[in-house]
Structures are given as C-alpha cells and as structure tokens.
Number of protein chains: 2
Amino acid sequence: MPELKRRLAVARGDEPADLVIRGAKVFSVFTREWLDGDLAVADGHIAGIGDYEGDEVLELSGRYLVPGFVDAHMHLESSKLLVDEFARLVLPLGTTAVVADPHEIANVLGTDGVHWLADLCADLPLDVFFMASSCVPASHFESPRRPLLPGDLEGLLNRRRVIGLAEMMNFPGVVSGAESELAKLALPGATHVDGHAPSVLGKALNAYAAAGIRSDHEVSTIDEGRERLRAGMWVLIREASGARNLHALLPLVDEFGPHRLAFCTDDREPEHIAEDGHINSMVRDAVAAGVSPEDALVMASFNPAQWHGLRDFGALAPGYQADVLVLPDLERFVPELVLKAGRPVAEIPRLEVPEWVRHTVRIRPLATNDFAVPWEGDGGARVIGVIPDQIVTESLVDEPLVDGARALSDPARDLLKIAVVERHLGTGRIGLGFVRGFGLRSGALASTVAHDAHNVVVVGVKDDDMLRAVRRLADTGGGVVVVDGGIVKAELKLPIAGLLSDASLDEVITASQGCVDAARQLGCELPSPFQTMAFLALSVIPSLKITDRGLVDVDRFELVPLGL
Amino acid sequence: MPELKRRLAVARGDEPADLVIRGAKVFSVFTREWLDGDLAVADGHIAGIGDYEGDEVLELSGRYLVPGFVDAHMHLESSKLLVDEFARLVLPLGTTAVVADPHEIANVLGTDGVHWLADLCADLPLDVFFMASSCVPASHFESPRRPLLPGDLEGLLNRRRVIGLAEMMNFPGVVSGAESELAKLALPGATHVDGHAPSVLGKALNAYAAAGIRSDHEVSTIDEGRERLRAGMWVLIREASGARNLHALLPLVDEFGPHRLAFCTDDREPEHIAEDGHINSMVRDAVAAGVSPEDALVMASFNPAQWHGLRDFGALAPGYQADVLVLPDLERFVPELVLKAGRPVAEIPRLEVPEWVRHTVRIRPLATNDFAVPWEGDGGARVIGVIPDQIVTESLVDEPLVDGARALSDPARDLLKIAVVERHLGTGRIGLGFVRGFGLRSGALASTVAHDAHNVVVVGVKDDDMLRAVRRLADTGGGVVVVDGGIVKAELKLPIAGLLSDASLDEVITASQGCVDAARQLGCELPSPFQTMAFLALSVIPSLKITDRGLVDVDRFELVPLGL
C-alpha cells in the first residue's frame with residue numbers, strides 16, 4: 001500500500017517520478033494513437049502520461065515508446081537455455097513477458113520440475129507466467145517419468161504465476177468427450193485454457209470450442225483462422241523454428257482487424273532467436289508484409305496479455321507495469337533500450353542448478369544386441385519418411401536389408417535404424433524401426449530431446465555406434481551426440497533434465513553447430529537434423545512415429561508392428 | 001460433466017440438439033459477420049453453428065440472431081421493482097444479464113440485504129451478477145444503517161456471483177490516496193473494479209487509473225471519454241433516466257471503434273423502461289444516430305461481458321450460454337423472441353419477501369417542532385437550487401421568511417423547507433434547510449428513496465404536513481408520499497427496504513404517476529419531482545446537498561451552517 005500511495009502522488013504530480021521519459025511518442029494500445037507527453041514511472045509502474053518531473057529524466061525525442069512484448073505461448077525448454085540465459089537473450093529483443101507451457105520438463109521431472117522452473121523464474125527480470133501442462137504424456141504411446149493427473153494439475157493451477165491450463169493437445173480426446181480430458185477441463189482453476197487443434201475444422205472444431213477451449217496456435221491457413229475466430233477462439237499466430245505461420249495468417253488482420261490475434265513463438269531454437277530475433281521479428285515481418293505498425297504492436301503486446309488476463313501487462317497506461325521499449329524506428333523493431341519494471345535490465349546473475357535436476361538419464365545397461373531388429377517376414381517393413389523442415393512424417397514401406405533373422409540399416413538406400421530408449425526409469429524398454437531421410441553413411445545421431453516424453457532417440461547405421469551414442473548420453477546426463485566408429489565426434493551437453501544447458505548462448509550455439517557439422521560429415525543433408533529427430537517420437541503428429549513402445553500409426557492412433 | 005459430454009456430442013453432430021434455429025443470420029461478435037448456419041443448442045449452451053439436426057427446429061429465415069444484451073452497470077433498486085418483476089420487464093426487451101451494484105439496499109440492510117438480494121436472483125432466468133458496493137456510505141456526511149467495511153467487502157467478494165468491487169465513488173479519496181479507499185482496493189478479490197469519476201481529468205485521472213480502476217460510467221463528454229480510453233479505462237456509456245450520455249459519446253465509436261466501450265443503464269426508472277426500453281433502446285438510438293448495427297450490438301453484448309470477465313456471456317459461439325435474441329430488423333431492436341439459456345422465458349414465479357426486509361423505517365417519534373428552523377441571523381440563508389432533470393444543484397443564498405426566532409417556508413418565493421430524517425436507527429437526527437425549485441404552494445412531498453443512505457427526505461410548506469408525510473412513511477414501511485392539509489393525497493408504497501415495491505410494474509407506474517400528479521396539484525412543475533428529490537441527499541454530487549447531518553457543501557466537501 002505505501003507503494004500505491006506514492007504512485008498516486010506521482011500520478012497527481014505531487015511527488016517526482018522515479019523516471020520520466022520526455023519527448024518520445026507514446027503508443028496507446030487502446031486508441032492506437034501516438035501520444036505526446038512525458039511517461040512517468042513510479043515504483044516500476046506507469047504513473048501517468050502528461051507533464052511530469054522525475055528524479056531521473058531521459059530525453060528521447062524522435063523515439064517511439066511501446067509496451068514490452070508478451071509471448072502468448074512458448075516452451076522455454078526449446079531454447080535449450082536455462083532461463084537466466086534465455087532472459088539475457090530475449091529481453092534486449094523486447095520480449096519482457098512470456099507465457100510458458102513447461103511440458104518438456106514436466107515429462108522428465110513431473111510437477112517437481114515445474115515448481116523448480118517456476119521458482120527459478122521468480123526473481124528474473126523477465127516475467128514468466130506458466131500454464132499447467134495438460135497433456136503429460138502427449139498420448140498413452142509415450143512414456144514420461146510419470147503422467148500428470150488431474151490432481152497434479154489442480155496443485156499447479158493453485159500456484160502463483162500459473163494462470164491456466166496449457167495446450168490441450170489431446171484434441172481427439174477432447175472432441176470425442178473422453179472422461180480423462182473433460183476431468184482436466186472441469187478443474188477449478190481451468191477456466192483459462194489454451195488449445196492445440198491442428199487441422200480441426202467444422203463440427204469437430206465446434207466441439208473443441210464448446211469444451212471451453214478458446215485459443216489455438218496450431219493454425220496454418222486463413223480458413224482455419226476464420227473458423228477459429230468465428231468459434232470464439234483466439235488465434236495465436238505462431239512463428240516457431242519448425243512451424244512458421246505468420247505470413248499465411250496475416251490476411252486475417254486485413255479481414256477482421258488485429259482483435260483476438262496474438263503472436264507467439266511456441267518452439268524457437270537458440271540459433272533462430274540469436275539470428276532473427278524473438279517476438280520483435282514477428283512485428284518486423286508483419287509490418288514488412290504491410291500490416292500497420294500499430295496493429296502489429298497490439299498483437300505483440302496488449303493482445304497476448306489480454307488473452308491471458310495479465311491485467312497489468314501489455315500497455316503503456318497508468319497502473320501498468322513499466323515494461324517499455326524505446327524504438328528508434330517502426331521498421332526494424334530492435335529496441336534501443338528496454339525498461340523492465342521501469343529500469344534498464346541489469347546484469348542477470350547466473351542461476352544455481354541443483355544436483356537433482358542433473359541426473360535424469362537412467363538407462364538399463366544395454367548391449368549391442370538390444371538394437372538388433374528380429375526379422376522373419378518376407379514382406380515390407382514400415383519406414384518413417386522424414387520431410388525436411390516439417391514435423392509431420394510420411395508412412396513408407398520398404399524391404400529391409402536382411403542378414404539371417406535380422407533386419408539391418410542400409411545406408412545405400414538411406415534406410416536407417418531408429419530406436420527410442422526409455423530413459424527415465426531404466427526399464428530397458430526400447431522401440432525399434434526404420435527411418436528414411438537422414439542420409440547417414442555411417443555413425444549414429446542421438447538425443448535426449450525427443451518430444452514430448454524425451455526418451456533417447458537414436459538414428460544410426462551400426463548398432464555399436466547407436467549403443468555408444470546412447471551410453472554417452474547416459475554418462476553426460478543428456479543432450480545431443482554424434483558418434484562414428486565408436487568415437488564421439490561432436491556433442492551438445494544438456495545436463496539439466498537432458499533438455500537444457502547451463503552454458504552460455506554462444507557455447508550452446510557453437511556446440512549445436514558442431515553437431516550439425518558432424519552429422520553433415522556423416523552424410524546427413526537435412527537442414528536441421530536434430531530438430532527433425534526430436535519430433536520423430538511425438539506420437540500426436542501424423543503419420544508414422546516411434547516411441548519406446550514401438551511404431552505409432554498416428555492417423556489410426558495405434559501401435560503397429562514393424563513388418564506389414 | 002455429463003452435460004458437457006452431451007454438448008460435445010451435439011457439437012460433433014452425433015446427437016440431435018435440444019433446439020436448432022434454422023435460416024436466420026447469426027451474428028458473430030468476433031468477426032462482425034452475419035453467418036449462415038443452423039444454431040444448435042444443447043443444455044442451455046450453444047453447441048455449434050453449422051449444419052445441425054435438433055429435437056426441436058425453429059425455422060426463422062429472414063431473422064437476425066444476436067446475443068442477449070448485458071447491462072454493464074446498474075442498480076436494480078432504481079427500477080423500484082422486485083427482481084422478479086424487473087426480470088419480467090427487461091427480458092422481453094432483450095436484456096438477459098445485468099451487472100448490479102446493490103448499494104441502495106446495502107445502505108439500508110447492509111451485507112444481509114446484499115446476500116438476500118443475491119439469493120433472490122439465484123433462480124431467476126435473468127442472470128444477475130453483483131459488484132461489492134465499495135462506498136457505503138457514499139461519504140461520511142451520510143448515515144446508512146451501518147457502513148460497509150473492508151471485511152464486509154471481502155466477504156461479499158468471496159461470494160458466488162459477486163465478480164468485483166463496485167463503483168469507487170469516493171474518487172477524491174482514491175485520487176488523494178486515502179488509506180480507507182486503498183484498503184478496499186487491496187482486498188484479495190478486488191482485482192476487478194468499476195469506477196465513478198465525474199469530470200476527473202488530467203493527472204487526477206491518471207491517479208485514479210493508476211489505482212487499478214479500469215472503467216467509468218460518469219463520462220459525459222468526448223474529451224473525458226478520450227482521456228479515459230487513453231488511460232486504459234473502459235467507458236461504460238450510460239443512458240439513465242436522470243443522466244443521458246449516449247449521444248454525446250457516440251463519436252468515440254467513430255474515432256476509436258467500439259472496443260472498450262459498453263452500454264449501461266445505471267439508474268432507470270420503471271416508467272422509463274416501460275416506455276422506452278432498456279439496453280435495446282441504446283442500441284436502437286445508436287444505430288439511428290449512424291453507428292453500425294454490428295458496432296452497437298457488440299457494445300451491448302460482448303463488450304460488457306468482456307469487461308466483467310463473464311466468459312460464457314455475450315456471444316453466439318460454441319460453449320457460450322444460449323442467450324439469444326431473435327430480431328426481425330436491425331432498426332427497432334425489439335426482439336420477437338428471447339431465448340434464455342436456450343429456452344423461451346417461461347412465466348417467472350413471484351418471489352417471496354421475508355418480514356425482515358419490510359421493517360426498515362425506524363423513526364424516533366417526532367413532533368411538529370422538530371421541523372422548526374431556529375433563526376437568529378439577519379444575513380442570508382444557504383438554499384439548495386434545484387436544476388430540473390439534473391442531479392447537480394446550485395448553492396444559492398436568500399433571505400428566509402422569519403417569524404420570531406424561526407425561519408419558515410415562503411411558497412410565494414418558492415423557498416421551501418427541506419429536511420432529511422435519519423430512518424435506520426431511530427436516532428431522531430434531522431438535517432434542516434431550504435430548497436428552491438419545487439414550487440409547492442402547500443403540502444409536502446416525502447420519500448425514503450434518498451440516495452445513497454436512503455434516509456427520509458421531505459420538502460414542504462408547512463411543518464405539520466412534513467411531519468404527517470414522514471409519519472406516513474414510517475407507518476407504511478417507506479415509499480413516496482404526497483400530503484396536503486394533513487391528508488395523504490397520493491403514495492407509492494415501497495415497503496421492501498423503503499426502496500422496492502412488491503407490486504406489479506403497472507401498479508408501480510400508476511402509483512408513481514399518481515404521486516407526480518398530486519405534486520402537480522400542489523404547484524410543483526418539475527419534470528420528475530421525486531427523482532430530483534431523491535438525489536438532494538447525495539453528498540458526493542455538487543454543489544449544495546443535505547443529509548440528516550445538515551447541509552453539505554460538496555465542492556468544499558464539508559458540512560456548512562444554514563446561515564451565512
């Protein structure tokens with residue numbers, strides 16, 4: 001209350017502000033005007049726009065002041081960076097708040113992991129809000145350390161900074177009225193729910209919306225966008241590393257205005273952010289494509305805050321948190337200065353990482369033999385067909401190379417073994433199959449980043465290299481590794497839950513690039529081999545996927561044998 | 001959950017809807033389109049818009065389907081009708097939900113009264129949401145039965161259907177940072193707060209908004225509206241019986257679009273609603289003034305629901321409550337059919353009124369002498385100058401007619417006595433003064449409707465008629481009465497808290513008109529004498545007012561003596 005009292009005194013002009021920004025154009029998200037006036041800040045909040053005096057005065061004529069950007073839906077883990085380093089990366093780009101679904105870490109470390117991550121964010125200058133991960137596992141074909149049950153979600157929803165239920169990825173379950181999914185939606189705190197309904201249209205979409213789910217970020221066409229808006233859903237326009245929807249959806253702004261449209265990044269790789277930017281890159285690209293700066297800014301700030309009910313975020317007006325971007329122009333959208341809660345972002349201390357989040361790769365001792373694929377049939381085998389830069393796959397059929405009673409990789413025909421090894425409980429459960437598209441002539445690629453359960457995924461030519469790669473990940477606590485001839489050629493260590501690094505952005509990018517280069521050396525020409533591999537275990541994206549339980553025909557939503 | 005399960009089955013088209021409306025244009029508040037498609041209803045909610053079958057099918061080609069209207073801010077008590085009769089009146093006009101501040105009854109019956117009123121509304125087909133009355137009393141010059149303290153508000157805010165803190169009328173207190181007001185704003189449930197800030201502009205408005213108050217319905221000019229929008233506040237455009245702001249504020253729609261604008265009635269007399277309509281009259285008048293029907297409809301339905309966070313109200317889309325108006329045209333906005341939660345409104349049973357709300361007029365036995373005004377001075381006396389159809393008054397000065405040591409009414413100069421008699425606790429406290437504007441040649445007018453504390457206000461020529469009128473109100477439990485020569489000439493009985501009738505609309509209007517006619521007979525030519533009188537005790541509206549504690553100079557915000 002003393003803070004509020006002083007804020008009001010500053011607003012009245014009876015006391016000097018902590019900071020006054022003078023001479024700039026101040027963007028009103030409410031009226032889409034550029035207001036002339038001093039922006040007065042008191043105690044981290046905006047006291048008023050008008051004629052003010054301050055203890056500190058910044059003269060910024062010719063500049064534009066806009067509210068900090070709010071990412072409407074994202075997964076912190078996709079950056080592979082610990083949140084302090086993520087904050088160091090995105091704050092200077094103007095992202096001052098994010099709404100995160102922590103479902104990657106939840107698959108590995110359960111609610112403990114979510115609480116740890118949320119605690120870790122508590123003192124960051126970046127505001128991180130969480131949605132309770134609704135779909136752990138993504139489907140019953142996947143094996144997280146443990147599933148999150150309605151009781152887990154109830155606990156999370158009661159936590160400060162957890163503001164709703166994260167993307168309901170089990171859209172077939174919702175649409176069909178599965179008790180398990182309706183139980184989640186009936187939770188007391190689950191009045192605010194994000195959606196995830198790729199390609200769902202018509203009556204199925206009506207059912208999904210009728211369940212009370214009022215957003216979707218899996219929108220890739222104008223028609224899908226139109227239908228969602230009409231059904232009362234927000235369209236969260238996504239520009240992720242692997243799924244880029246911005247340009248396809250911008251005509252919605254022309255057609256209906258920016259209302260109920262908000263920007264999000266979903267999954268951005270560290271390289272992508274470092275090279276191209278974050279939410280600011282979406283604003284820049286939207287404006288370059290002809291959207292007015294005012295509309296683009298609203299979709300990047302007020303709209304995401306509004307969708308998520310973040311009442312003091314996303315606007316420059318009295319009472320709002322003073323997250324202010326100083327822009328030199330309305331083209332590049334690279335802030336010249338970022339004020340977070342009224343202050344330039346100070347150096348962010350390195351966060352401490354406890355032991356218990358570093359020991360998550362638990363694999364039953366394996367032998368080369370565990371990667372052997374028994375083969376009796378004389379028909380074809382199911383083969384996962386990789387599509388470069390897509391997370392959907394083709395379901396192919398081909399004759400494997402056979403040696404006795406075993407099917408082998410056949411690099412000459414780009415037919416490689418793929419395995420997913422359960423890595424949370426050390427059960428030794430392993431799913432085996434074949435994949436086409438990696439093009440390896442020798443060696444193996446492996447990773448503990450394998451959506452959503454994040455078991456170990458490994459692709460390789462020889463069983464012993466596959467084994468070596470998996471063992472290396474068990475030894476290092478996880479990450480990405482490239483092995484050839486029994487030797488580790490390159491690796492990116494992600495010791496935190498097998499998902500996150502505690503190194504700097506530069507180190508992560510260097511190691512990551514090293515892995516890609518090593519894969520190239522082995523013959524892989526995929527643009528993003530490890531990103532592609534990371535989604536081969538995601539059992540809710542069509543068509544053929546693989547988990548530790550075996551091959552999943554996603555279209556039929558069932559496990560299928562390797563041989564036809 | 002079984003309801004939701006079935007609703008999803010209907011949405012999918014797997015089960016027939018309860019009701020399908022076919023052939024009409026369905027308004028989307030989200031895209032401002034008129035959609036073609038069947039509107040399917042299941043279990044009181046909209047299942048979908050598309051191609052549907054139903055147990056019942058209404059063919060309504062050529063008609064327009066729009067969401068039910070939501071009144072963004074109002075006081076149920078102003079209708080003088082018990083809520084069942086109020087619902088009978090407004091539902092056919094298309095108002096299907098209201099957000100009510102119960103501060104009239106709270107002044108008389110405290111939180112007990114609010115809980116009673118809220119319970120009474122629980123089974124009505126009209127959805128009544130409440131805001132916790134933040135300013136009981138309106139100021140310390142007024143005497144309700146008891147003040148509502150922060151603890152009272154905390155209790156109310158925890159109640160189902162109480163969705164926030166009602167209009168913070170003590171805007172000087174908020175702006176100046178008074179502890180009492182900040183304590184209310186700091187309550188756990190007080191994240192959603194309505195404002196009331198007449199004529200507040202500039203830095204004072206910044207302070208008001210910085211306190212977290214994000215709406216105002218006391219907006220009467222475009223400039224005030226602009227400033228509020230820029231300050232992040234919603235403008236609740238009001239068209240009350242005594243304060244009509246619609247036409248003055250419609251240019252805001254042109255300038256900024258309909259966003260963050262919503263319609264409200266605040267205080268509408270029963271005659272006003274019966275003759276002109278309710279929220280639908282604002283839609284009609286806005287459209288007649290050139291606003292597009294789509295914009296007007298949004299301000300009457302989705303926007304008020306959005307401001308108040310009523311997530312399932314104000315739109316025709318899957319999951320929303322099926323409050324549907326069938327309109328034959330987009331000019332008159334008189335529904336041909338109103339569906340409330342998917343059904344035509346059935347007969348509303350009469351509500352039972354308990355004894356304890358009927359005995360609220362407790363007056364210490366008074367004598368004629370109590371109305372005597374001692375007068376020693378030879379200077380002038382302060383006189384309340386009534387302005388017809390306004391609730392603001394002038395602060396006049398005139399020489400009273402003196403008889404010995406007493407000042408008397410002087411009808412020849414339209415200088416009449418006015419008194420406010422404390423009526424909750426029987427203290428006998430009485431405030432005395434003079435008023436100009438009623439024009440009575442004889443007799444007295446009295447009422448227990450006297451904002452906001454609702455003590456008895458009485459204006460008269462002779463003390464014995466004033467006494468008779470007050471006694472009559474004590475005998476009948478309150479209402480409005482006209483007395484002349486010791487005889488009750490007309491009365492409107494409002495036995496419930498001295499504010500509400502339990503009679504029908506027609507009876508209330510007839511009795512009310514009878515009182516106005518009787519006042520006319522006595523020489524009063526004010527357009528709405530009792531409405532005017534009801535606001536003479538409201539100590540937060542300039543300039544000179546009177547309460548049971550005496551004359552209040554509202555501009556200086558202090559009690560002042562009668563003589564200069």
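Just so it is clear, the model here is predicted, and its values are computed rather than measured.

**Some details on helix H13 (residues 293–300) of chain A**
Logical step 1: Most of H13(A) is tucked away: eight of the eight residues are buried.
Logical step 2: Those residues of H13(A) that fall on the buried side of the exposure criterion are Pro293(A), Glu294(A), Asp295(A), Ala296(A), Leu297(A), Val298(A), Met299(A) and Ala300(A).

**Considering unusual backbone geometry**
Logical step 1: Look at the link from Pro542(A) to Ser543(A): it is a cis peptide, with omega at 0°.
Logical step 2: Asp452(B) follows His451(B) through a cis peptide bond whose omega is -20°.
Logical step 3: Unlike most non-glycine residues, Ala497(A) shows phi in positive territory, near 60°.
Logical step 4: Structurally, Ala497(A) is set in the loop between strand S29 (487–493) and helix H16 (505–521).
Logical step 5: Look at Ala497(A) and you get buried, because its relative accessible area is 0%.
Logical step 6: Its identity as a non-glycine residue notwithstanding, Asp414(B) has a phi of 50°, on the positive side.
Logical step 7: Inspection of the secondary structure puts Asp414(B) in the loop between strand S23 (406–408) and strand S24 (416–421).

**A word on the relation of the copies chain B and chain A**
Logical step 1: Under the fitted operation, chain B is carried onto chain A by 0.0 Å of movement along the axis and a turn of 180°, and the coordinates agree to an RMSD of 0.0 Å. Expressed as a symmetry operation, the mapping of one chain copy onto the other fits a two-fold axis.
Logical step 2: Both copies share a contact surface, since 100% of the interface residues of chain B are interface residues in chain A too.

**Quick look at the environment of Arg268(B)**
All names here are of chain B.
Logical step 1: Structurally, Arg-268 can be placed in the loop between strand S15 (261–264) and helix H11 (270–276).
Logical step 2: Classification of Arg-268 as buried rests on a relative accessible area of 3%.
Logical step 3: C-alpha of Arg-268 to C-alpha of Gly-202: the two residues are 66 residues apart in sequence and 30 Å apart in space.
Logical step 4: With sequence-adjacent residues up to four places away left out, Arg-268 is seen in contact with Ser-78, Ser-79, Glu-239, Ala-240, Ser-241, Ile-273, Asp-276, Gly-277, His-278, Ser-281 and Met-282.
Logical step 5: One polar contact links the side chain of Arg-268 to the main-chain carbonyl oxygen of Gly-277, over a distance of 2.7 Å.
Logical step 6: Here the side chain of Arg-268 touches Ser-281 through a polar contact of 3.0 Å, side chain to side chain.

**Examining the pairing of strand S26 (residues 444–447) of chain B**
Residue and element names in this part refer to chain B.
Logical step 1: What you see with S26 is no split at all: Ala-444 and Ala-446 on one side and Leu-445 and Ser-447 on the other are buried throughout.
Logical step 2: For S26 and strand S27 (residues 456–460), the ladder comprises four bridges, and the chain directions are antiparallel. Residue pairing for S27: Leu-445 is matched across the bridge by Val-459.

**Remarks on the side chain of Asp323(A)**
All names here are of chain A.
Logical step 1: Positionally, Asp-323 belongs in the loop between helix H14 (302–307) and strand S16 (324–327).
Logical step 2: Here the side chain of Asp-323 touches Lys-340 through a polar contact of 2.7 Å, side chain to side chain.
Logical step 3: Within the structure, the side chain of Asp-323 is placed 2.9 Å from the backbone nitrogen of Ala-341, a separation counted as a polar contact.
Logical step 4: Once residues within four sequence positions are removed from consideration, Asp-323 is found in contact with Val-66, Pro-67, Gly-68, Thr-96, Asp-127, Phe-313, Leu-316, Leu-339, Lys-340 and Ala-341.

**As for the interface of chain B and chain A**
Logical step 1: Contacts between chain B and chain A engage 50 residues on the former and 50 residues on the latter.
Logical step 2: For the pair chain B and chain A, the summed buried area comes to about 4400 Å², and 57% of that belongs to carbon and sulfur atoms.
Logical step 3: Remark: the boundary between chain B and chain A carries six salt bridges.
Logical step 4: Glu33(A) is the partner of Arg230(B) in a salt bridge, and the nearest nitrogen-oxygen pair spans 2.7 Å.
Logical step 5: There are 22 residue pairs in polar contact (both at pLDDT 80 or more) connecting chain B and chain A.
Logical step 6: Elements represented by at least two residues in the side of chain B that touches chain A include exactly helix H1 (2–12), strand S5 (45–50), helix H5 (171–176), helix H6 (179–185), helix H7 (202–210), helix H8 (222–230) and helix H14 (302–307) of chain B.
Logical step 7: If one sorts the elements of the side of chain B that touches chain A by residue count, H1(B) sits on top with six residues.
Logical step 8: Here the side of chain B that touches chain A is composed, by residue class, of 25 nonpolar, 13 polar and twelve charged.

**Quick look at the packing of helix H7 (residues 202–210) of chain A against H1(B)**
Logical step 1: Contact geometry of H7(A) with H1(B) gives a least axis separation of 7 Å together with a crossing angle of 160°. By the angle class used here, H7(A) and H1(B) are roughly antiparallel. Every pair of crossing elements has a handedness; the one defined by H7(A) and H1(B) is right-handed. Within the contact between the two elements, H7(A) uses Lys203(A), Asn206(A), Ala207(A) and Ala210(A) and H1(B) uses Leu4(B), Arg7(B), Leu8(B), Ala11(B) and Arg12(B).
Logical step 2: Looking at the contact of H7(A) with H1(B), its residues break down into five nonpolar, one polar and three charged.

**As for the sheet that holds strand S9 (residues 95–100) of chain B**
Residue and element names in this part refer to chain B.
Logical step 1: Taken in spatial order, the five strands make up an open sheet running S8-S9-S10-S11-S12, and their pairing is parallel. Here the strands that pair on one side only, and so sit at the sheet edges, are strand S8 (69–74) and strand S12 (193–195). The average angle at which neighbouring strand axes cross in this sheet is 30°, direction not considered.
Logical step 2: Here strand S11 (residues 162–168) runs beside S12; their pairing, made up of two bridges, is parallel. When the sheet's bridge partners are listed, Met-168 is paired in S12 with Gly-195.
Logical step 3: Taken strand by strand, helix H4 (residues 150–157) contacts strand S10 (127–132) and S11, and its axis lies near 140° from that of S11.

Thresholds, definitions, all that
Residues numbered from 1 in each chain as written. Chains lettered and ligands numbered in written order. Predicted model: local features only at pLDDT ≥ 70, side-chain atom pairs only at ≥ 80, totals over all residues. Heavy atoms only, no water. Buried < 20%, exposed > 50% of the residue type's maximum accessible area, 1.4 Å probe, protein only. Helix = DSSP H or I, 4+ residues; strand = E, 2+ residues; numbered from the N terminus. Least-squares fit on C-alpha atoms with pLDDT ≥ 70 in both. Contact = heavy atoms within 4.5 Å. Polar contact = N/O pair within 3.5 Å; in protein donor to acceptor, adjacent residues only side chain to side chain. Pairing = 2+ DSSP bridges. Buried area = accessible area lost by both parts, 1.4 Å probe. Salt bridge = Lys/Arg side-chain N within 4 Å of Asp/Glu carboxyl O. Nonpolar A, V, L, I, M, F, W, Y, C, P; charged D, E, K, R; others polar. Axes fitted to C-alpha atoms, helices over the stretch in contact; angles between N-to-C directions. Parallel < 35°, antiparallel > 145°, perpendicular 65-115°, else oblique. Left-handed = near helix turned anticlockwise from the far one by under 90°.

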